[in-house]
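# Structure at a glance
The residues making up each chain are set out below.
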Amino acid sequence: MDRRPRQRRGPLAGLVVADFCWMGVGAVATRMLADFGADVIKIEDRTRLDMPRRLPFYKGDVRTYGEEDPNPDPDKGGLFNNYNRNKLGVTINMRTERGREVAERLIAASSVVTENFAPGVMERWGLTYEHLCELRPDVIFARMSGYGHRGPHTEYRSYGPVIQAVSGLTHISGLPGREPSGWGFSYMDNQAAYYNSAAIMMAVLHRELTGAGTLIDVSAVEVGINLLGPDLLDVAANGAVTRRPDFPTGNRLEHPRAAPHGVYPAAGDDRWIAIAVFDDADWKALVAELGSPEWTADPRFATQAGRFASQDALDEHLSAWTRERDAHETMHRLQAAGVAAGAVQNSRDLDERDPQLAHRGTFFDLDHPVIGEARFEGSPVLFSRTEQDNWRSAPLLGEDNEYVFTTLLGMPADEVAELTEEGIL
């Protein structure tokens with residue numbers, strides 16, 4: 001694959017982004033821009049590698065999530081490659097005065113600047129919104145952090161699991177009568193990223209209409225709170241308590257009263273199927289597929305209210321039936337009868353088995369000079385006239401220094417060579 005920069009295709013072609021982002025909350029946000037044509041120029045430091053470069057998600061080498069490689073190959077990490085596809089990559093030592101001067105030249109040539117450092121980092125480099133406006137009067141400065149850039153907790157450090165806890169999501173997650181569980185994966189990093197990219201696009205549209213740039217301040221904590229709407233309403237309107245012996249409900253659902261509603265064992269090692277029944281019509285269809293066994297005539301299961309009140313017994317019976325059957329075969333069988341059901345799919349199922357995802361082209365391949373061909377997940381949105389512009393896997397460390405600094409910024413080649421020799425680029 002030709003890795004040389006080219007004219008981008010897509011609705012965002014011509015949009016230049018000076019991208020200081022790292023990790024998921026920022027990198028995924030700018031990846032969405034890069035996927036559809038923006039020239040996202042990722043700015044890194046050779047001596048302080050981005051965390052995704054250090055996390056050893058290596059092709060053919062399975063490791064625990066979060067386990068760092070003490071001597072990482074900066075171009076080998078799969079997480080970095082996934083977060084930063086379709087982007088350009090440069091290196092600038094921002095701890096030096098000359099490095100900051102080069103960064104300012106890049107900012108002046110960009111129409112969007114993004115960052116998700118801990119609050120205060122950009123200020124220490126002198127890159128305040130006011131200064132960015134001096135460099136580029138119509139600049140869009142998109143800032144993404146855990147708590148936001150105003151308020152008493154502004155400087156608190158955060159990662160996805162911390163955001164889940166502070167926003168209240170962890171408190172309502174888990175099994176009844178047990179401690180809050182949250183999620184092991186940094187789900188809020190990705191969720192906040194979607195708000196970040198949407199905010200940038202609103203700012204770009206506003207600038208197209210008015211000519212004015214803006215400062216964007218996205219708080220991941222507040223993104224998490226936006227997911228709590230039904231629970232906040234229940235507390236405010238009904239005086240409900242969000243942790244009690246019967247709540248959180250785990251896989252069960254309170255409103256509307258669905259039963260059976262849960263994840264049930266299937267044949268095989270660690271295989272499961274989700275089934276949801278919301279009314280008598282669903283129940284009759286399920287009973288027919290079960291073969292109308294004697295237990296389904298139990299008076300406790302005659303109504304939806306009765307089934308909801310007797311979920312333990314109901315789940316026990318249903319589990320005895322599902323655990324003898326293949327999850328995917330059961331899913332297709334129940335779906336054909338009009339019952340909502342889905343096999344709990346693992347990564348291999350998603351990548352190799354699911355015909356729906358294959359039909360929509362959810363996953364695609366890109367070549368990489370270090371790790372070879374790799375698999376990526378695409379955008380969940382399909383357009384009738386627009387395609388995702390997958391022109392290259394993630395940049396090698398400093399891969400585009402010459403192109404960005406000489407071709408885009410017009411710096412003399414000897415100056416770039418000198419700055420490289422001095423460790424500034």
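Note that this is a predicted model, so its numbers are computed, not measured. (Residues numbered from 1 in each chain as written. Predicted model: local features only at pLDDT ≥ 70, side-chain atom pairs only at ≥ 80, totals over all residues. Heavy atoms only, no water.)

### Overview of the overall build of the chain
Assigned secondary structure in the chain consists of 18 helices and 11 strands. Here the C-alpha coordinates of the chain stretch approximately 85 × 50 × 45 Å along the principal axes. When burial is assessed residue by residue, the chain has 47% of its 425 residues classed as buried. The contacts of the chain with a sequence gap of at least 6 include a subset with a gap of at least 24, amounting to 69%. (Helix = DSSP H or I, 4+ residues; strand = E, 2+ residues; numbered from the N terminus. Buried < 20%, exposed > 50% of the residue type's maximum accessible area, 1.4 Å probe, protein only. Contact = heavy atoms within 4.5 Å.)

### Side note on the pairing of strand 8 (residues 272-276)
Pairing of strand 7 (residues 261-265) with strand 8 involves 5 bridges; the strand directions are antiparallel. If you follow glycine 262 over to strand 8, its bridge partner there is isoleucine 275. Following strand 7, the chain reverses through 6 residues before pairing antiparallel with strand 8; glycine 268 in that reversal takes a positive phi of roughly 105°. (Pairing = 2+ DSSP bridges.)

### Brief notes about the sheet that holds strand 2 (residues 39-44)
Taken together, 6 strands build an open sheet; the order of strands is 3-2-1-4-5-6 and the sheet is parallel. Across the chains shown, the open sheet's two edge strands, defined by having one partner strand only, are strand 3 (88-91) and strand 6 (214-219). Along the sheet, successive strands turn relative to each other by an average axial angle of 20°, direction set aside. Bridge analysis of strand 1 (residues 16-19) against strand 4 (residues 112-115) gives 3 bridges, and the strand direction is parallel. If you follow valine 17 over to strand 4, its bridge partner there is valine 112. (Axes fitted to C-alpha atoms, helices over the stretch in contact; angles between N-to-C directions.)

### Points about the side chain of asparagine 401
Residue placement: asparagine 401 occurs in helix 17 (residues 401-408). Taking the relative accessible area as the measure of exposure, asparagine 401 reaches 7% and is therefore buried. What asparagine 401 contacts, discounting residues up to four positions off in sequence, is Arg46, Gly89, Val90, Thr91, Thr406 and Leu425.

### Some points on the packing of helix 7 (residues 160-167) against helix 8 (residues 187-210)
One can describe the packing of helix 7 onto helix 8 by two numbers: an axis separation of 6 Å at closest approach and a directional angle of 80°. Considering the angle they form, helix 7 stands roughly perpendicular to helix 8. Where helix 7 abuts helix 8, its residues Gly160, Ile163 and Gln164 lie against Tyr187, Met188 and Asp189. Each residue belonging to the contact of helix 7 with helix 8 can be placed in one class, and the counts come to 3 nonpolar, 2 polar and 1 charged. (Parallel < 35°, antiparallel > 145°, perpendicular 65-115°, else oblique. Nonpolar A, V, L, I, M, F, W, Y, C, P; charged D, E, K, R; others polar.)

### Quick word on empty space enclosed by the protein
All chains considered together, the criterion is met by 2 cavities of 30 Å³ or more. Arg53, Pro74, Asp75, Lys76, Gly77, Phe80, Asn81, His368, Ala394, Pro395 and Leu396 are the residues that line the largest cavity. Partitioning the lining of the largest cavity into residue classes produces 5 nonpolar, 3 polar and 3 charged. By volume, the second largest cavity is sized at about 30 Å³. Lining the second largest cavity are Pro5, Arg6, Arg8, Asp39, Leu88, Trp391 and Tyr403. (1 Å grid on protein atoms, 1.4 Å probe; cavity = no way out; pocket = protein on both sides within 12 Å on 5 of 7 lines; lining within 4 Å. Points joined across faces, edges and corners; volume = space filled by probe spheres on them.)

### A closer look at the UniProt feature "transmembrane region" (unreviewed entry) in the chain
Under the present numbering, the feature "transmembrane region" (unreviewed entry) in UniProt falls on residues 12-34. Annotated as residues 12-34, this span is 52% helix and 17% strand, and its ends, taken at the C-alpha atoms, are 8 Å apart. (UniProt positions renumbered as here; feature names shortened; annotations may be inferred.)

### What about the sheet that holds strand 8?
The strands making up a sheet associate through backbone hydrogen bonding, with each pair oriented either parallel or antiparallel. Strand order in the open sheet formed by 3 strands is 7-8-9, and the pairing between neighbours is antiparallel. Looking at which strands have only one partner, the edges of the open sheet turn out to be strand 7 and strand 9 (340-343). The sheet shows a mean angle of 20° between the axes of neighbouring strands, taken without regard to direction. Lying over the sheet, helix 13 (residues 311-322) contacts strand 7 and strand 8, oriented at roughly 40° with respect to strand 7. The strands touched by helix 14 (residues 327-336) within the sheet are strand 8 and strand 9, with strand 9 carrying the most contacts at an inclination of about 160°.

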